Amino acid sequence: MAQAMRSQSSISLLATDGKPHPLQDALLAVTLVLGAVAFVTAFFHNLHLLSSWTGLIGILTGAYGQFISETTRERFALIIGLGASAIGFFLGMAHGGLFGGVLG
């Protein structure tokens, strides 16, 4: 029964394999924050620059996080952030795009 008593002081909440994943956790946090910002600002027409750029960056960080993720919990949370980023990006693009009104 000694194997059941592992020390879990340095294990991440999302690491089910017993090893810490600092890069994956950082990408997950960035993707979730960018997704939340993109999703919330997408509902305001005048904030299309913020929602489209944060959505695009959230999609890119989430895609790279999916590429290097090692556990199912990380992948699940990344999909939530990717979905929110994509919705924010697409609504931001519909409201004016990445450069709408700035370069034209």
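Below, the structure is looked at part by part.

What counts and what doesn't
- Residues numbered from 1 in each chain as written.
- Predicted model: local features only at pLDDT ≥ 70, side-chain atom pairs only at ≥ 80, totals over all residues.
- Heavy atoms only, no water.
- Helix = DSSP H or I, 4+ residues; strand = E, 2+ residues; numbered from the N terminus.
- Expected span 1.5 Å × (residues − 1).
- Buried < 20%, exposed > 50% of the residue type's maximum accessible area, 1.4 Å probe, protein only.
- Contact = heavy atoms within 4.5 Å.
- Patch = residues over 30% accessible without salt bridge, like charges linked within 9 Å, V, L, I, M, F, W, Y side chains within 5 Å.
- Areas by Shrake-Rupley, 256 points an atom, 1.4 Å probe, with all protein chains shown as cover.
- Salt bridge = Lys/Arg side-chain N within 4 Å of Asp/Glu carboxyl O.
- Polar contact = N/O pair within 3.5 Å; in protein donor to acceptor, adjacent residues only side chain to side chain.

1. What to know about helix H1 (residues 22–41)
Compared with an ideal rise of 1.5 Å per residue, which puts 20 residues at 28 Å, H1 spans 29 Å between its outermost C-alpha atoms and is within 8% of the ideal. Taken together, the buried positions of H1 are occupied by Gln24, Leu27, Leu28, Thr31, Leu34, Gly35, Ala38 and Thr41. Structurally, H1 contributes buried residues whose contacts are with helix H2 (48–68) and helix H3 (72–95).

2. Digging into H3
Here H3 contains 24 residues, and its C-alpha end-to-end distance of 35 Å stays within 8% of the 34 Å for a straight helix at 1.5 Å per residue. Taken together, the buried positions of H3 are Glu74, Ala77, Leu78, Gly81, Leu82, Ala84, Ser85, Ala86, Gly88, Phe89 and Gly92. Residues of H3 that are buried make contact with H1 and H2. Looking one or two places after H3, you find Gly97, whose phi comes out positive at around 90°.

3. Examining the environment of Ala84
Positionally, Ala84 belongs in helix H3. With 44 residues separating them in the primary sequence, Ala84 and Val40 have C-alpha atoms 9.0 Å apart. Residues within four places of Ala84 in sequence aside, it is in contact with Gly35, Ala38 and Phe39.

4. What about a nonpolar patch on the surface?
A surface patch of nonpolar side chains, about 780 Å² in accessible area, is lined by Val33, Val37, Phe39, Val40, Phe43, Phe44, Leu47, Leu50 and Ile87. In terms of residues, the nonpolar patch owes the most to one element, H1, which gives four residues. Take Val37: it is sitting in helix H1.

5. Quick look at the environment of Thr61
Note that Thr61 resides in helix H2. When its relative accessible area of 16% is taken as the criterion, Thr61 is described as buried. In this structure, the C-alpha to C-alpha distance between Thr61 and Leu34, residues 27 residues apart in sequence, is 9.2 Å. Apart from residues lying up to four places away in sequence, Thr61 is in contact with Leu27, Val30, Thr31 and Leu34. From its side chain, Thr61 meets the backbone oxygen of Gly58 in a polar contact 3.2 Å long.

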